[in-house]
Amino acid sequence: MPLAKPSAPRKYEPSITVAQLREVGLFGALSDEFLEHLVSVLSATRLQAGEAVFREGDPAREMYVVLDGEIEVLKKSHKGRDTRVAILGPNDCVGEMSIIDMQPRSATARALGPAWLLRISTEEMDALYRHDLKSYTLIVLNIARDLSRRLRVTDGLLADFTANVLEEYVPKR
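Nothing here was measured: the structure is a model prediction, and the numbers come from that model.

Visitor: Sorry if this is basic, but what is going on with the layout of surface pockets here?
Guide: In this approach the atoms are scanned with a rolling probe the size of a water molecule, which exposes any empty space left behind. Considering only enclosed or pocket space, the largest pocket measures out at about 790 Å³ in volume. For the largest pocket, the lining is made up of 29 residues, of which V73, V85, A86, M97 and R150 are closest to its centre. Elements with a contribution of two residues or more to the lining of the largest pocket: β4 (71–76), β5 (82–88), β6 (93–94), α3 (97–101) and α5 (133–169). Here the lining of the largest pocket gets 8 residues from one element, more than from any other, and that element is α5. The residue inventory of the lining of the largest pocket, partitioned by class, reads 17 nonpolar, 5 polar and 7 charged.

Visitor: When you look at the sheet that holds strand β8 (residues 115–121) in this model, what are you seeing that I'm missing?
Guide: Backbone hydrogen bonds are what pair the strands of a sheet, in a parallel or an antiparallel way. Ordered by their spatial adjacency, 4 strands build an open sheet running β1-β8-β3-β6, and the pairing between neighbours is antiparallel. Either end of the sheet is taken by a strand with one partner, and the two such strands are β1 (43–47) and β6.

Visitor: Would you take a moment to explain the pairing of β4 for this structure?
Guide: If a strand is regular, its side chains alternate between the two faces of the sheet. With 6 bridges connecting them, β4 and β5 associate as antiparallel partners. Bridging from a neighbouring strand, I71 pairs with L88 of β5. If you look at the hairpin formed by β4 and β5, you'll find 5 residues sitting between the two strands, and G80 has a positive phi there, around 90°.

Visitor: What is the right way to look at helix α2 (residues 32–41) in this model?
Guide: Count 3.6 residues to each turn of an α-helix, and residues three or four apart come out pointing the same way. Taken together, the buried positions of α2 are F34, L35 and L38. Down the axis of α2, the smallest arc covering the buried residues is 100°, so these residues share one side. Those residues of α2 that are exposed and angled more than 90 degrees off the buried face are E33 and S40. Contacts from the buried residues of α2 go to α1 (18–22), α4 (122–131) and α5.

Visitor: Help me understand the side chain of E96, please; the structure alone is not making it clear to me.
Guide: Position of E96 relative to the elements: it lies in the loop between β6 and α3. For E96, a relative accessible area of 3% puts it in the buried group. Within the structure, the side chain of E96 is placed 2.7 Å from the side chain of R150, a separation counted as a polar contact. In this view, E96 contacts M63, I143, D146, L147 and R150; residues no more than four positions away in its chain are not counted.

Visitor: Sorry if this is basic, but what is going on with the sheet that holds β4 here?
Guide: Overall, antiparallel pairing links the 4 strands, which are arranged β2-β7-β4-β5 in an open sheet. Looking at which strands have only one partner, the edges of the open sheet turn out to be β2 (52–54) and β5. If you compare each strand with its neighbour and ignore which way they point, the axes differ by 30° on average.

Visitor: When you look at the pattern of salt bridges in this model, what are you seeing that I'm missing?
Guide: Pairing is possible between side chains of opposite charge, provided their charged atoms come close. Here the structure, examined in full by the defined rule, presents 12 salt bridges. Taking the shortest distance from any N to any O, the salt bridge between R84 and E72 comes out at 2.7 Å. Of this pair, R84 sits in strand β5 while E72 sits in strand β4, and the two are 12 residues apart along the sequence. On the accessibility criterion, E72 (5% relative accessible area) is buried. A salt bridge links E96 to R150; the nearest nitrogen and oxygen atoms lie 2.7 Å apart.

Rules used in this analysis
Residues numbered from 1 in each chain as written. Predicted model: local features only at pLDDT ≥ 70, side-chain atom pairs only at ≥ 80, totals over all residues. Heavy atoms only, no water. 1 Å grid on protein atoms, 1.4 Å probe; cavity = no way out; pocket = protein on both sides within 12 Å on 5 of 7 lines; lining within 4 Å. Points joined across faces, edges and corners; volume = space filled by probe spheres on them. Helix = DSSP H or I, 4+ residues; strand = E, 2+ residues; numbered from the N terminus. Nonpolar A, V, L, I, M, F, W, Y, C, P; charged D, E, K, R; others polar. Pairing = 2+ DSSP bridges. Buried < 20%, exposed > 50% of the residue type's maximum accessible area, 1.4 Å probe, protein only. Arc of directions from axis to C-beta. Contact = heavy atoms within 4.5 Å. Polar contact = N/O pair within 3.5 Å; in protein donor to acceptor, adjacent residues only side chain to side chain. Axes fitted to C-alpha atoms, helices over the stretch in contact; angles between N-to-C directions. Salt bridge = Lys/Arg side-chain N within 4 Å of Asp/Glu carboxyl O.

Here's what the structure looks like:
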């Protein structure tokens, strides 16, 4: 399926609610007051099937939380082939590495069907830092926890893959 161009963020009704944010791990342990603040400052965007959230190599200045729908994450191989590395659903985050390392996108993300995403830019993160340092710190810790969890899963997959390749193709001594 060809990638549609990323669209500019657009606000859509219904608006985001505190109850929705409470379900998202990224916002775990945050006060209702702070969640109400987030609802008032963050925007959501709707995507259609095949529409790109972002592309590998693009400049990265925001992350997204999937509120509804599914997002496919694709990584380009050294031969240029797009390979699916993840499917993310409601309450999952995508693009969060950009909030931490400010590097170009490491993968492409696109909607598998209609999707509704909450957008959080680096500028908004900076404003959250200035608004409430404790809550900002909890969000960054939650990002770090999620990245650590994903790295552990990837480590396990890599270990299994390496063991299978060695068993299949390397002669035993």
